[in-house]
Amino acid sequence: MRRLTATERHPVRFTLNGKPAEGTAHPRMLLSDFLRGVQGATGTHVGCEHGVCGACTVRIDGAMARSCLTFAVQIEGAEIDTVEALAPAPARLSVLQDAFRKHHALQCGFCTPGILMSLDTLLATESQADAERIRDVLSGHLCRCTGYQPIVAAALDAAQTLREETDNA
Amino acid sequence: MPKDGLHQTMLRVEDAPLLTGRGQFFDDLPTPHGTVHAAILRSPHAHAKITDISTDAARRLAGVHAVLTGEDYASVASPLMVGVKLPIECWPIAQNKVRYVGEPVAVVLADDRYIAEDAVDLIDVSYDTLAPVIDPLKALADDAPVLHDEMGSNLGADRYFSYGDPDGAFAEADHVVEISVRYPRNSCTPIETYGVLTRWDPHTRSYDVLSNFQGPFSIHPVIARALNVPGNRLRLRTPEDSGGSFGIKQGVFPYIALLSACARLTDRPVKWVEDRLEHLTASVSATNRAITLRAAVTAKGRVTALDYDQVEDVGAYLRAPEPATLYRMHGNLCGAYDIANLRVRNRIVMTNKTPTGLNRGFGGPQIYFALERLMQRIAVELGLDPVNVARDNLISSGAFPYRTASGATYDSGDYQNAFDTALKDGRYDALCQKRDAARAQGRLYGIGLTVAVEPSVSNMGYLSTALTPAERAKAGQKNGAQSCATIAIDPVGSITVQIDSVPQGQGHKTVAASIVAERFGLEPGAITVVAAMDTGKDAWSIAAGNYSSRFAAASAGAVRIAAGRLRERIAAIAASQLDARPEDIEFGNGKVFIASNPEAALAFARVASTGHWAPGTLPEGIAAPMRETAIWTAPELTAPTEEDGINSSLCHAFIFDFCGVEIDPVTHEARVDHYVTMHDCGTILHEGMVEGQIRGAFAQAVGAALYEEYAYDDDGAFLAGTLADYPVPTVHEIPDLTILHTCTPSPLTPLGAKGVGEGNCMSTPVCIANAVADALAPASGNVDVTLPLSPARIASYLPDEPAPPEGIAQPRPGPGKGLSGQGEAHVGAAPQEIWDLLMDADQLAAIIPGAHGVKRLSPTHFLADVTLGVGPVKGRYRVQVGLSDLDAPNNATLTGKAGGALGTGEGSGRVTLTPDGSGGTVIGYSYDAAVGGKVASVGGRLLDGAAKIVIGQFFAALGRRAGDAPQPDGIIARMCGWIGGRR
Ligand code: FES
Ligand code: FES
């Protein structure tokens, strides 16, 4: 365990979306603030800072996590993925992102990055995820615009497409 | 029925950036060098005089630039204008007195938000608390505490209206049916909170503000006035993206004024992002309202007159644009029914709660909750089928345009057709059979109905209905609703559109692109639409913004008009080049051509850019097609008449909802089983977006119906400070929804469209309430249900609730955070030893959990500095402890008063020391306490547990201090059993 001093900034070295990254943070700085303010990765959003809305969800070493409930200094050495890394190339969308667009699964888009991170993690780890499983994972997120139904439809559609892609591979 | 030629199913142009983390939301945008970050100290009290604000410690903190108070604000800025003339001042920061929990008291500006919040905790404010008043009807009582001394009472306005002959209708009525309802405070709570970035230029004496404000821009002059600058010295810009608003982001404007004044006072750019606690506590919400509604009814169930008595609770200040919530529906008070006689009394009252403002549905949920509960009650009391009561009272198909009693003109509709289609396609018969079958099995199953008219495109003049005709005459006429759109064609013939609707997720850019693309025969993807508004450069008027579902009906229409004008000019240019008549010119596939001879075609870009490259070749009398701004208002939006008639909105869509709800016999949870919503919103511009609006509003309405309330305790403490205490529904709480459509286009809007975004926020809460009331009826008779219909509330409506099983506590009644309890602890030391410890400041310092030091002020007064954590809120408090009724070494009364940045607490307890006969002491205690401020808002659910733990720790430490080990079975465990739950 590193010893940290409350009044000092500490270096944090980690991998952000597959690339080495570093910055400094006071021990109390939230990961969400660190990603947005220090790293300039503003795709991750902050809606409540108390762990309920899920907008700030990122992947830490492959698992979904609330970046508003994580301190920046905790991610030393970790691999962090954010919404910025989901698309396969700058002008393209991932299967899941594309399904969101097709099904009107977003309106204001503020909750969307967190939801995409959770569902992307789910579909990557459980290719057979059904509507119930998708709803379970989605229940960790609040969306005020869509009423959720289009998000479930998009995730189911994406799961289907991903399964077909694997079968055809 | 979609409009021909538009791209009703096209993918949204907004989506790709939002899906890839490239959104341009407020907090994603860069800040100027030297920006300081604001944090706001807010009142923990609902009603108190500020006797002192000590900011020295906060100012001394490294990284702090300034600590500003109401007095500082008043040195450079003014109060916010109030819409109705009242002798009150509405300041964005408290002046000497606080009137609601969460009211700004001081602003800290610091290098970063973390430091600013540290400094907020160091500000010491002394308050003299005053009795608060929370309930709007109690606030009207003669002996109620008065919020604004200048007013002498809490009554802001009292207006009577009469239309037709209500007295005659009531005199002749076969029945008079009455209902009294309360509509609670709730909010559509966008996931993105408020943000303000503001700068002052001392040379031009002007402000430059970036904020996720949503309009209406009638607020712009209010802010400019508050900041003592003319409108052209307040440049207000909005970001390209906004994370939802639903009306709520109108309420950021007091902060624009407050923080702009701070920027001026410190000569630094100031940035503030609201946190969720601030948002829930002190942004804006729907008004809560008490309504008594009476109907004159014939024997057959035909309503001939309505009589409304409304008491609107606007919170602590009547803040612009209120009392708009009360008047937005003024033309629509009879809903979808043909009722010619109407009487209204509208009172506005102030209470110690957060000032209200726009919230999706805006006035509709309140009106329809009363009206549709009444229609159900009429059916029940007259023994009629609610379907027939609703249908028989509907405005008939041939009556459009229909003028309502209070002066609105319903533009178009075929209500019977929509109603019947919904019953058939939504399988109403099957639902009735399901209810009958369920009831036969003894289950609690009910059906609810709602018909509603959804108004859209507000008349900017409706608010003046709040004034008497004489006052209106003096103040000058107000009417209309200007929509603006600008289309620019650049030198390569590509097109940029500026819209005035400040979208917050509705996809306006996509619709605007498809309208323009259709006019010019281009691909929608080729059109750029800019949503970010800039009052310094763009065309705008007071009606601009994202409210009253005005986009489809009004802003989109302005886009179409501007495109049409440019199209005509381009056609004229093409005609002159092709030697044809302008009316023979068509547009398609990026070309402009002669209809009869498509071979004779010119590239659109080439013709369209002629104005830039060769203005000399333009045909005579044709202006260069480089830029066109359309400004459109409907002539139908006239000012209120002498008789107080008001066409409060331009368009009127129709909604008919019905649903089946089952109440769980064990948990008492209401489960929506089947929900059908029928909409006639005129021409549909984009199917996916219309469905999105309906689903989104429906989900928010389910929250309002069953879960959400901005709850206040009797002492004014705010009880819903986290998203766990204000339970916004997750996917699990949203039932399936069947959406149906019919279509009667509006003859009054350029595209035939009507608004659709707010309807279900108006219709769904009462539809579910009607179903719950119907489900309860066999067991409980007529119940006056109140929202939200939480399991605890439903349980309270059921007759003799069965006793809980042995060992299970009674469910807690409603929210509340008063604490009380009692218990015993056993300590192995004599009463005198214990007594001595309790009377010794140094000893107490070691015993009180989290104490940093205890000062003895007098033999019976101590001052303790304590750190306590309740759930997520850990903070430092100064606790004054007083001892009285001393009877050494047997018993004493302890009173405590705690205060700190995170909240306040007050309580008293009685401690008795009884020898146990074997050298030890049984300590008995009982306490009552109340807490306020942040602790109550965010930790209310956890206070019980926290109190138990703290008391347990106290006695464990006392036992240890007195030379005793805790009892074998663990003192904390035992105490948890002893201490009663909160009552
Ligand atoms: S911001 Fe992290 S859960 Fe809401
Ligand atoms: S899309 Fe706006 S909150 Fe989900």
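What counts and what doesn't
- Residues numbered from 1 in each chain as written.
- Chains lettered and ligands numbered in written order.
- Predicted model: local features only at pLDDT ≥ 70, side-chain atom pairs only at ≥ 80, totals over all residues.
- Heavy atoms only, no water.
- Pairing = 2+ DSSP bridges.
- Helix = DSSP H or I, 4+ residues; strand = E, 2+ residues; numbered from the N terminus.
- Axes fitted to C-alpha atoms, helices over the stretch in contact; angles between N-to-C directions.
- Contact = heavy atoms within 4.5 Å.
- Domains from an automatic or database assignment.
- Buried area = accessible area lost by both parts, 1.4 Å probe.
- Salt bridge = Lys/Arg side-chain N within 4 Å of Asp/Glu carboxyl O.
- Polar contact = N/O pair within 3.5 Å; in protein donor to acceptor, adjacent residues only side chain to side chain.
- Nonpolar A, V, L, I, M, F, W, Y, C, P; charged D, E, K, R; others polar.
- Left-handed = near helix turned anticlockwise from the far one by under 90°.
- Core = buried A, V, L, I, M, F, W, Y, C linked by side-chain atoms within 4.5 Å.
- Buried < 20%, exposed > 50% of the residue type's maximum accessible area, 1.4 Å probe, protein only.
- Phe/Tyr/Trp six-rings, centres within 6.5 Å; stacked < 30°, edge-to-face > 60°.

## With respect to the sheet that holds strand 19 (residues 483-489) of chain B
All names here are of chain B.
Working step 1: Overall, mixed pairing links the four strands, which are arranged 21-20-19-25 in an open sheet. The two strands at the open ends of the sheet, each matched to only one other strand, are strand 21 (528-530) and strand 25 (627-632). Taken over all neighbouring pairs, the strand axes of this sheet differ in orientation by 15° on average, direction set aside.
Working step 2: Pairing of strand 19 with strand 20 (residues 495-499), which is carried by five bridges, proceeds in the antiparallel orientation. Residue pairing for strand 20: Ala485 is matched across the bridge by Ile499.
Working step 3: Helix 15 (residues 508-520) rests against strand 19, strand 20 and strand 21 of the sheet, and its axis sits at about 135° to strand 20.
Working step 4: Together, strand 19, strand 20 and strand 25 form the strand contacts of helix 16 (residues 550-578), whose direction differs from that of strand 19 by roughly 35°.

## Structural notes on the domain arrangement of chain A
Residue and element names in this part refer to chain A.
Working step 1: When the domains of chain A are assigned, the result is domain 1 (10-85) and domain 2 (95-167).
Working step 2: A C-alpha centroid distance of 22 Å is found between domain 1 and domain 2.
Working step 3: At the junction of the two partners, domain 1 supplies 17 residues and domain 2 supplies 14 residues.
Working step 4: Ranking the residues of domain 1 by area buried against domain 2 places Arg59, Met64 and Val83 at the top, with a combined share of 39%.
Working step 5: The interface formed by domain 1 and domain 2 holds one salt bridge in total.
Working step 6: As a salt-bridge pair, Arg59 and Asp120 come within 2.8 Å of each other at their nearest N and O atoms.

## Some points on the pairing of strand 12 (residues 270-273) of chain B
Within a regular strand, side chains alternate between the sheet's two faces.
Residues and elements named next belong to chain B.
Working step 1: Judged from the two bridges that link them, strand 1 (residues 36-42) and strand 12 form a sheet pairing that is parallel. Looking at the pairing, Val36 lines up with Val270 of strand 12.
Working step 2: The pairing of strand 9 (residues 195-201) with strand 12 spans four bridges and is antiparallel. Residue Gly195 lies in a different strand from strand 12, and its bridge partner there is Val273.

## Quick notes on the interface of chain A and chain B
Quite often, the size of an interface is put as the accessible area lost when its parts meet.
Working step 1: Every contact between the two is made by 47 residues of chain A and, on the other side, 51 residues of chain B.
Working step 2: Both sides together, the interface formed by chain A and chain B hides about 4000 Å², and carbon and sulfur atoms give 59% of it.
Working step 3: Linking chain A with chain B are four salt bridges, by the criterion used here.
Working step 4: Residue Arg144 of chain A pairs with Glu708 of chain B through a salt bridge whose shortest N-O separation is 2.9 Å.
Working step 5: In this assembly, chain A and chain B are joined by 19 residue pairs in polar contact (both at pLDDT 80 or more).
Working step 6: Elements with a minimum of two residues in the side of chain A that touches chain B: helix 1 (31-38), helix 2 (95-102), helix 3 (112-125), helix 4 (131-138) and helix 5 (149-168) of chain A.
Working step 7: The biggest single contributor to the side of chain A that touches chain B is helix 2 of chain A, with four residues.
Working step 8: Residue classes in the side of chain A that touches chain B are distributed as 22 nonpolar, 14 polar and eleven charged.

## Focus: the packing of helix 10 (residues 364-382) of chain B against helix 20 (residues 759-780) of chain B
Residues and elements named next belong to chain B.
Working step 1: Where helix 10 meets helix 20, the closest approach of the two axes is 8 Å, and the angle between their N-to-C directions is 35°. The crossing of helix 10 and helix 20 is right-handed. Here Gly364, Pro365, Tyr368, Phe369, Glu372, Arg373 and Gln376 of helix 10 lie close against helix 20, whose contacting residues are Cys761, Met762, Val766, Ala769, Asn770, Ala773 and Asp774.
Working step 2: Taken together, the residues that form the contact of helix 10 with helix 20 break down as eight nonpolar, three polar and three charged.

## A closer look at the nonpolar core
For soluble globular proteins, the rule of thumb is that nonpolar side chains tend to be buried together.
Working step 1: Counting residues in each nonpolar core, the largest one holds 241 residues, and the members touching the most others are Phe100 and Leu119 of chain A together with Leu306, Tyr308, Ile378, Phe656 and Ile768 of chain B.
Working step 2: Sequence-distant contacts of Ile378 of chain B, defined by excluding residues within four places in its chain, comprise Val177, Ala295, Val297, Val303 and Val389 of chain B.
Working step 3: Counting residues in each nonpolar core, the second largest holds 46 residues, with Leu719, Leu844, Ala892 and Ile951 of chain B among its members.

## Let's talk about the pattern of salt bridges
Any two side chains of opposite charge can pair if their charged atoms end up close together.
Working step 1: With the rule as written, the count across this model stands at 53 salt bridges over all chains.
Working step 2: Residues Asp118 of chain B and Arg28 of chain A are paired through a salt bridge, measuring 2.7 Å at the closest nitrogen-oxygen approach. Of the two residues, Asp118 of chain B sits in helix 4 (residues 113-122) while Arg28 of chain A sits in the loop between strand 2 (19-25) and helix 1, which places them in two different chains.
Working step 3: For Arg59 of chain A, the salt bridge goes to Asp81 of chain A, with nearest N and O atoms at 3.4 Å. Taken together, the positions of Arg59 of chain A in strand 3 (residues 57-60) and Asp81 of chain A in strand 5 (residues 79-81) put the pair 22 residues apart, joining distant regions of the chain.

## Structural notes on the packing of aromatic side chains
Working step 1: This model, assessed by the stated rule, comprises 25 aromatic pairs over all chains.
Working step 2: Aromatic pair Phe14 of chain A and Phe34 of chain A: ring centres 5.8 Å apart, planes at 55°, arrangement tilted. Taken together, the residues span a long stretch of sequence, with Phe14 of chain A in strand 1 (residues 10-16) and Phe34 of chain A in helix 1 at a distance of 20 residues.
Working step 3: Ring centres of Tyr73 of chain B and Trp91 of chain B lie 6.0 Å apart, and the angle between their planes is 85°; on these two criteria the pair is classed as edge-to-face. Placement of the pair is Tyr73 of chain B in helix 3 (residues 70-76) and Trp91 of chain B in the loop between helix 3 and strand 4 (97-98), with a sequence separation of 18 residues.
Working step 4: Residue classification places Tyr73 of chain B among the buried positions, given a relative accessible area of 2%.

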